[in-house]
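What the coordinates show
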There are 2 protein chains.
Amino acid sequence: MAVDDAGLRAAARGKRPPQGDPVVDRALALLAAFDPAHRRLSLSELSRRSGTPLSTTRRLAERLLAWGALERSAAGGYVVGVRLWEIASLAPRGLGLREVAMPFMDDLHEATRQHVLLAVREGEEAVLVERRSARAAVPVDYRVGGRLPLQMTAVGRVLLAHAPVELQERILAGQGGGASADPVPQPAVLRRTLAEVRRSGVAIINRRNPAPVVSVAAPVRDAADRVVAALSVVLPAGGANPRTIEPAVRAAARAVSRGLGAPGAAVKAGDARG
Amino acid sequence: MAVDDAGLRAAARGKRPPQGDPVVDRALALLAAFDPAHRRLSLSELSRRSGTPLSTTRRLAERLLAWGALERSAAGGYVVGVRLWEIASLAPRGLGLREVAMPFMDDLHEATRQHVLLAVREGEEAVLVERRSARAAVPVDYRVGGRLPLQMTAVGRVLLAHAPVELQERILAGQGGGASADPVPQPAVLRRTLAEVRRSGVAIINRRNPAPVVSVAAPVRDAADRVVAALSVVLPAGGANPRTIEPAVRAAARAVSRGLGAPGAAVKAGDARG
């Protein structure tokens, strides 16, 4: 790996101690070699996908195994370990958020019997933190821990509408729309849509793929009044009018925000809106 | 940290390349400094709790921040990052198992309206992978991602009953029972109980703390027919007879096992038990 060796030499020339950082980065690259389509990797796959020499991969994998970040699979190869999941469950934007949100997601789920999604922004995409789905619900290909495009989902548009302006502009300029099979709106149209999402406090989106659905999403705010997550209901298109679902989604998002200590969602004395 | 420096020198003398391993271990120690009671840590707390010098902590934390394994908290300090949770969600014994189990846990939840737990063994404890709880359910202090003692919970006893014999003996010899406020049974009694759990395929346990509950757990098996998880229902004591819940718990555990490809849970042609 010529590039990595060059990196090592550069680090050695630099002011920061050369030892340490590249090794940590390589260990993290080993973890990042796993994705939903690659949940079990052989040593050589781990090496190839992370761009790490085989001998280094073997040595680092041993450390990750010993700690529990990786486990050996009964079917051969390595998988992500429960110990890593245990630590990761402490992520405030992961299970911490989920803990607060779950009862209200259950309420929405019982009321709608379709899909209820909770997502946070991670870089230029959304990560699905929780999903409550009825077995008879319209098919969607969302997975807890999986990623969603910001432009083409209702939760994504809520998160994008409240993201830093530079990120919005970068995404509007790029406009790939990810692997979306639906037509991606023009930047000017999407820019207006985001302004409308901020104004109205709700995002509504119709998609045709993989099945015709309509999604309604609302923002979840934290104690500093920042939008930290988005909550949505996904319904089959042509069923309920999304406008009839909107109040329930708004109310649930507000309840989660209150659970996070959001100032705007606090129950005021004599405030019947609760 | 004299010990660590000695370790570094020992590694330098050894055959294996000295660079790398201690640094990875230290980075992992930084992650392990987080626990349910310490979800947000300052740099100095991170240093102290991980036993890492402050300058090393700062350097490693920078790498973990850059990758997303850690995030800066709005309230100051560091928290576990969503990026780590995203990778960890690929753990087959974590969310992978949960994905298969969730619909059947929902069924059990709808039928019992109390707590439904799914746990795996990690070393000498159980880790709670999922929990479905009614808001009106009897109070328990179980948290998803949290640990449970193997001896004093129904899911724990199922996992312990199917753990390697050496581990069983170590736990019987130790017999701390963790932080349990309930009396821990004598080793000979617990040994007989574990044999009964293996024979009957179900564990039933009564606890008084933090509230009087009765739990019924059954094993979940994988494609290699090994017990990889345990599923349970926790009910208020004095309510339903646990024997009436047992068939539902068994059936749900069998359904999850079938989802994992367990040979004994396969639907046979003409097998009405399905």
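Residues numbered from 1 in each chain as written. Chains lettered and ligands numbered in written order. Predicted model: local features only at pLDDT ≥ 70, side-chain atom pairs only at ≥ 80, totals over all residues.

1. Remarks on the overall build of chain A
On a plain count of helices and strands, chain A comes out with 10 helices and eight strands. For chain A, restricting intrachain contacts to residue pairs at least 6 apart in sequence, the fraction spanning at least 24 positions comes to 53%. (Helix = DSSP H or I, 4+ residues; strand = E, 2+ residues; numbered from the N terminus. Contact = placed C-beta atoms within 7 Å.)

2. A look at the relation of the copies chain B and chain A
Placing chain B over chain A gives an RMSD of 0.0 Å and needs a rotation angle of 180°, together with 0.0 Å of translation along the axis. One copy is carried onto the other by what is essentially a two-fold rotation axis. Proximity to the rotation axis, assessed at the C-alpha, singles out V24 of chain B in chain B; its C-alpha lies 2.8 Å from the axis. An overlap of 100% is found between the interface residues of chain B and their copies at the interface of chain A, pointing to a shared contact surface. (Least-squares fit on C-alpha atoms with pLDDT ≥ 70 in both.)

3. Things to note about the sheet that holds strand β6 (residues 203-207) of chain A
Think of a sheet as strands paired side by side through backbone hydrogen bonds, with each pair either parallel or antiparallel. Residue and element names in this part refer to chain A. Reading across from one edge, β5-β4-β3-β8-β7-β6 is the order of the six strands in this open sheet, with antiparallel pairing throughout. With one partner strand each, in any of the chains shown, β5 (147-149) and β6 form the two edges of the open sheet. Averaged over all pairs of adjacent strands, the angle between strand axes in this sheet comes to 35°, irrespective of strand direction. By the bridge criterion, five bridges tie strand β3 (residues 115-122) to strand β8 (residues 227-236) in an arrangement that is antiparallel. Of the residues in β8, the one forming a bridge with A119 is A230. Relative to the sheet, helix α10 (residues 242-259) contacts β6, β7 (213-221) and β8, its axis offset from that of β7 by approximately 25°. (Pairing = 2+ DSSP bridges. Axes fitted to C-alpha atoms, helices over the stretch in contact; angles between N-to-C directions.)

4. Re α10 of chain A
All names here are of chain A. Its 18 residues place the ends of α10 25 Å apart at the C-alpha level, agreeing with the 26 Å of an ideal helix rising 1.5 Å per residue. Those residues of α10 that sit buried are I245, V249, A252, A253, R254, V256 and S257. On the buried face of α10, the contacting elements are α6 (92-112), β7 and β8. Just downstream of α10, G261 is the residue with a positive phi angle, here 85°. (Expected span 1.5 Å × (residues − 1). Buried ≥ 20, exposed ≤ 12 C-beta atoms within 10 Å, placed from the backbone.)

5. Here's the deal with the packing of helix α7 (residues 154-161) of chain A against helix α9 (residues 187-200) of chain A
Residue and element names in this part refer to chain A. One way to put it is that α7 packs onto α9 with a least axis distance of 9 Å and a crossing angle of 85°. With respect to each other, α7 and α9 are oriented roughly perpendicular. Here R157, V158, L160 and A161 of α7 come into contact with α9, specifically with T193, L194, V197 and R198. Partitioned by chemical class, the residues of the contact of α7 with α9 number five nonpolar, one polar and two charged. (Parallel < 35°, antiparallel > 145°, perpendicular 65-115°, else oblique. Nonpolar A, V, L, I, M, F, W, Y, C, P; charged D, E, K, R; others polar.)

6. Structural notes on the interface of chain B and chain A
Tallying the contact residues gives 46 residues for chain B and 46 residues for chain A. Counting residues per element, the ones that place at least two in the side of chain B that touches chain A are α2 (21-32), α4 (54-67), β2 (78-80), α5 (82-88), α6 (92-112) and β3 (115-122) of chain B. Take the side of chain B that touches chain A: its biggest share by element is eight residues, from α2 of chain B. Of the residues assigned to the side of chain B that touches chain A, the class counts are 28 nonpolar, seven polar and 11 charged.

7. Considering the nonpolar core
A119, A217 and L231 of chain A together with A119, A217 and L231 of chain B are the most contacted members of the largest nonpolar core, which has 163 residues in total. Once residues lying within four places of it in the same chain are set aside, the contact partners of A217 of chain A are A154, V155, R157, V158, V202, A203, A230, L231, S232 and V249 of chain A. (Core = buried A, V, L, I, M, F, W, Y, C linked by C-beta atoms within 7 Å.)

8. What to know about the pairing of strand β8 (residues 227-236) of chain B
Residues and elements named next belong to chain B. Of all 10 residues in β8, nine are buried, a share of seventy percent or more. Here strand β7 (residues 213-221) pairs with β8 via nine bridges, running antiparallel. Looking at β8, one finds that R221 is bridged to V227. What sits between β7 and β8 in their antiparallel hairpin is a turn of five residues, with D225 showing a positive phi close to 65°.

9. Section: the sheet that holds β3 of chain B
Residue and element names in this part refer to chain B. Here we have six strands laid out as an open sheet, ordered β5-β4-β3-β8-β7-β6, and antiparallel in their pairing. The open sheet terminates on both sides in strands that have one partner only, identified here as β5 (147-149) and β6 (203-207). Pairs of neighbouring strands in the sheet enclose a mean axial angle of 35°, with direction left out of account. Here β6 runs beside β7; their pairing, made up of five bridges, is antiparallel. Looking at the pairing, I205 lines up with S215 of β7. Here helix α7 (residues 154-161) sits on the sheet in contact with β3, β4 (125-133), β5, β6, β7 and β8, set at roughly 35° to β7. Sitting on the sheet, helix α10 (residues 242-259) is in contact with β6, β7 and β8, with an inclination near 25° to β7.

10. Some points on unusual backbone geometry
Peptide bonds are mostly trans, and most non-glycine residues show a negative phi. Even without glycine at this site, R113 of chain A takes up a positive phi of about 55°. As for its position among the elements, R113 of chain A is in the loop between α6 and β3. Phi at D225 of chain B takes a positive value of approximately 65°, unusual for a residue other than glycine. Relative to the helices and strands, D225 of chain B resides in the loop between β7 and β8.

11. A short note on α7 of chain B
The buried fraction of α7 of chain B amounts to eight of the eight residues, a majority that puts the element mostly inside the structure. Taken as a whole, α7 of chain B has its buried residues at A154, V155, G156, R157, V158, L159, L160 and A161 of chain B.

12. Focus: the confidence of the model for chain A
Residue and element names in this part refer to chain A. Chain-level pLDDT for chain A is 84 on average; 86% of the residues reach the 70-or-more range. Throughout residues 1-20 the model reports pLDDT below 50, and contacts reaching past four residues in sequence, or to other chains, amount to 17 contacts. Here residues 269-274 scores under 50 on pLDDT; set against residues more than four positions off or in separate chains, the count is one contact. Reported confidence for the predicted complex is 0.79 by ipTM and 0.79 by pTM. (pLDDT = per-residue confidence, 0-100.)

13. Quick notes on the environment of E246 of chain A
All names here are of chain A. Checked against the element boundaries, E246 lands in helix α10. The exposure class assigned to E246 is partly exposed, which follows from the 18 C-beta atoms found within 10 Å. In sequence terms E246 and V216 are 30 residues apart; their C-alpha atoms lie 6.5 Å from each other. Dropping the residues within four chain positions of it, E246 is found in contact with V202 and V216.

14. Regarding the environment of R93 of chain A
Position of R93 of chain A among the secondary structure elements: in helix α6. In this structure R93 of chain A comes out as buried when scored by C-beta crowding, with 22 C-beta atoms within 10 Å.

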